[in-house]
Amino acid sequence: MSAESLAARLEASLSLLTAGANPLASVLRQSWEGLEQVQQQVLAAAAQFPSGFDLDALAQVSGLSASGVLSAVEALSSAALVVGREPRFRLLNVVRAFAADRADAQVGEAFVAWAVGAASVLLGRLEREAVSAEELVALEPSLRSALQVASEAAEVATLALALFAHDARMARWSTLRPVLDGLEVDGLPEGLALDVSWARARMAYLADAFLSAESMARAALERARSQGTSAQILQLWILAVDARLVCDGSLDDSEIEALVDYAMVCPEAPIRRAEAFALCARVVGLQGETERAIGLYHRASALLDGHPDQLKVCGGLGQSYRMLGRVDQAVGLLEDALLEARQEGLRDAELMVLRQLADMRLAASDLPRATELFEAIAELGEALGHSPSMLQSETFLALQEPDSFRMEAKLTQVRERAELLGRTEDAALADANIGLCRHERGDVQTAPAAYAAAAQRLEHQAESLIRRASVVWRALALAEQGVSDLDAALPATPPRSRLARSMEALARATLRGDQTAYDDALAEAPEDELVRTTQGLCDRLWAVES
């Protein structure tokens with residue numbers, strides 16, 4: 001049964017329970033009629049919250065004093081109409097559905113006003129401090145419910161931005177895209193307009209449309225320089241630089257210096273300043289200035305003292321130490337960060353550090369330890385509902401299977417799970433790996449179909465690296481079958497990212513049999529797993545032709 005069908009059945013069941021001559025509906029109606037007016041008012045207000053409420057929020061929505069709300073909730077709890085205890089209460093679904101039908105428009109407006117206020121507070125806090133994943137998850141259903149009925153553009157924008165912060169944490173960024181794209185930015189207050197512009201650019205970045213992301217971010221950055229806050233300037237500047245880095249692999253030193261200088265003197269937004277230092281550290285590290293990168297990472301770490309993102313900086317420091325050959329120091333740093341995350345109960349930070357440690361072990365070719373870490377990541381990712389970590393770990397574990405047919409069976413399970421979770425990108429990655437699995441065992445007759453399935457899933461994401469790689473690999477697999485004129489099988493539009501350009505250059509040179517062009521493309525290619533895989537398939541084809 002699909003999620004939509006299940007939701008429709010549940011809704012129908014609630015309607016039956018609260019309507020007509022149903023005995024339960026009769027009991028609820030009698031209970032309602034036996035309540036005092038204030039208690040009815042509080043119950044109707046409580047029904048606006050999909051997943052629970054605290055007394056302060058309920059007081060704001062009901063319009064009553066804190067003491068009045070407390071008395072009413074105590075009475076409703078005694079009547080079994082409210083469940084839970086301080087600090088959080090909730091209504092059973094059937095009670096909530098009944099009471100919601102008796103709420104007037106004023107209560108609905110008060111709920112939206114409360115939700116917008118809570119979203120504004122959340123957005124402000126995110127600029128200054130850590131907000132736990134648990135707090136975001138608790139608030140998310142109420143914000144999403146308010147978004148469905150909000151009518152003012154500023155209200156919609158505020159709610160959508162707060163939900164975007166939640167979805168980004170949970171790796172579900174695309175759910176807010178239709179809402180944010182539908183907003184008329186020119187009609188919003190300038191601060192909100194700049195934040196919405198950043199969110200749109202960020203979504204373009206997440207969809208691998210890096211040049212579009214940079215263009216959007218830089219256009220908004222020009223407005224922010226005259227009308228925005230320093231936090232907004234940094235946020236947009238960081239995104240523009242990051243998108244350019246992905247496209248070209250390097251940046252003009254003058255912009256990096258300018259960004260560092262601005263972050264040094266910026267009077268506010270410590271988290272954004274830390275992000276700027278960490279990004280610049282990554283850039284100079286890629287350019288071989290490892291000692292300078294370490295200094296910038298330390299600046300970022302100092303600004304994030306006590307913030308979970310400080311543990312993310314540990315990953316950058318660890319990579320820098322590894323580049324200097326100080327692998328033991330790198331691993332020790334990350335293991336200390338992991339211990340701290342566990343002691344502080346920062347489970348999302350723990351997940352992040354586990355992933356960094358796993359990458360470190362992979363880079364060191366320590367597969368047994370990497371496998372243990374990915375097993376821990378899969379378990380924690382499932383507990384936290386973090387689908388990407390869970391699915392990526394399961395993919396890695398499947399790829400460690402020595403038997404090719406068992407590997408394909410496990411990858412098929414990952415793909416099916418990704419489909420159930422709505423993770424199109426992970427399902428496409430599973431298809432691509434199935435193609436590689438078949439290819440490596442010499443089954444080039446069926447490998448192209450798996451590559452094509454991966455590309456088809458991401459047809460609307462022209463810049464997706466998985467889509468690009470799948471198309472390239474399909475062309476190489478078809479070439480092994482003796483199919484000619486394969487240049488036409490590759491994407492007609494040139495790729496924007498440096499990584500995708502390298503993969504396609506290697507493939508085109510191989511398909512044309514141009515050894516010089518192939519060697520040149522290989523010399524210019526960045527160090528990356530997708531490039532190494534493409535190189536392996538190309539080398540195999542060169543060997544076949546030889």
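Remember, it's a predicted structure, so these values are computed and weren't measured experimentally. (Residues numbered from 1 in each chain as written. Predicted model: local features only at pLDDT ≥ 70, side-chain atom pairs only at ≥ 80, totals over all residues. Heavy atoms only, no water.)

### Things to note about the packing of aromatic side chains
The geometry of an aromatic ring pair comes down to the distance between the two centres and the angle between the two planes.
Next, step 1: Taken as a whole and assessed by the stated rule, the structure comprises 12 aromatic pairs.
Next, step 2: Three or more aromatic residues joined by ring pairs make a cluster, and in this case those are F49, F53, F89, F111 and W114.
Next, step 3: A cation sits over an aromatic face here: R102 above F98, 3.6 Å from the ring centre.
Next, step 4: Over the ring of F277 we find R299; its NZ or CZ atom is 6.0 Å from the centre of that ring. (Phe/Tyr/Trp six-rings, centres within 6.5 Å; stacked < 30°, edge-to-face > 60°. Lys NZ or Arg CZ within 6 Å of the ring centre and 35° of its normal.)

### Digging into the environment of A217
Next, step 1: Following the sequence through the fold, A217 ends up in helix α12 (residues 210-227).
Next, step 2: Taking relative accessible area as the criterion, A217 reaches 0% and is therefore assigned buried.
Next, step 3: Sequence-wise, A217 and R468 are 251 residues apart; in three dimensions their C-alpha atoms are separated by 24 Å.
Next, step 4: Beyond its immediate stretch of four places on either side in the chain, A217 contacts A201, L236, L239 and A240. (Helix = DSSP H or I, 4+ residues; strand = E, 2+ residues; numbered from the N terminus. Buried < 20%, exposed > 50% of the residue type's maximum accessible area, 1.4 Å probe, protein only. Contact = heavy atoms within 4.5 Å.)

### What to know about a negative patch on the surface
Next, step 1: Taken together, the side chains of D54, D56, E74 and E86 present a region of like negative charge at the surface.
Next, step 2: Within the secondary structure layout, E86 lies in the loop between β1 (83-85) and β2 (88-90).
Next, step 3: Overall, E86 belongs to the exposed group, its relative accessible area being 53%. (Patch = residues over 30% accessible without salt bridge, like charges linked within 9 Å, V, L, I, M, F, W, Y side chains within 5 Å. Areas by Shrake-Rupley, 256 points an atom, 1.4 Å probe, with all protein chains shown as cover. Salt bridge = Lys/Arg side-chain N within 4 Å of Asp/Glu carboxyl O. Lys, Arg positive; Asp, Glu negative; His and termini not counted. Charge placed at Lys NZ, Arg CZ, Asp CG, Glu CD.)

### Structural notes on the pattern of salt bridges
Next, step 1: A full pass over the atoms with the stated rule returns 33 salt bridges.
Next, step 2: Across the pair R342 and E350 runs a salt bridge, and its minimum N-O distance is 2.9 Å.
Next, step 3: On the basis of relative accessible area, R342 is assigned to the partly exposed category, the value being 45%.
Next, step 4: A salt bridge links E408 to R438, with the nearest nitrogen and oxygen atoms 3.0 Å apart. With E408 in helix α22 (residues 404-420) and R438 in helix α23 (residues 424-440), this residue pair connects regions lying 30 residues apart in the sequence. Across this residue pair, the class does not change: E408 and R438 are buried.
Next, step 5: Residues joined in a network through salt bridges with shared partners are E214, R218, R244 and E255.

### Description of helix α5 (residues 66-78)
Next, step 1: Its 13 residues give α5 an end-to-end C-alpha distance of 18 Å, which sits within 8% of 18 Å, the value for a rise of 1.5 Å per residue.
Next, step 2: Along α5, the residues that are buried comprise V69, A72, V73 and L76. Projection of α5 onto a plane perpendicular to its axis shows the buried side chains occupying an angular sector of 100°, all on one side. Opposite the buried face of α5, by more than 90 degrees, sit the exposed residues S67 and S78.
Next, step 3: Phi turns positive one or two residues past the end of α5, at A80, with a value near 65°. (Expected span 1.5 Å × (residues − 1). Arc of directions from axis to C-beta.)

### What about the packing of helix α3 (residues 37-46) against α5?
Next, step 1: α5 packs onto α3 with a crossing angle of 85° between their chain directions and a minimal axis gap of 9 Å. Considered as vectors, α3 and α5 are oriented roughly perpendicular to each other. Side by side, α3 and α5 meet where V38, Q39, V42 and L43 of the first sit next to A72, V73, A75 and L76 of the second.
Next, step 2: The class makeup of the residues in the contact of α3 with α5 is 7 nonpolar, 1 polar and no charged. (Axes fitted to C-alpha atoms, helices over the stretch in contact; angles between N-to-C directions. Parallel < 35°, antiparallel > 145°, perpendicular 65-115°, else oblique. Nonpolar A, V, L, I, M, F, W, Y, C, P; charged D, E, K, R; others polar.)

### Brief notes about the environment of A160
Next, step 1: Along the polypeptide, A160 turns up in helix α9 (residues 153-169).
Next, step 2: Here the alpha-carbon distance between A160 and V69, two residues 91 residues apart in the chain, equals 29 Å.

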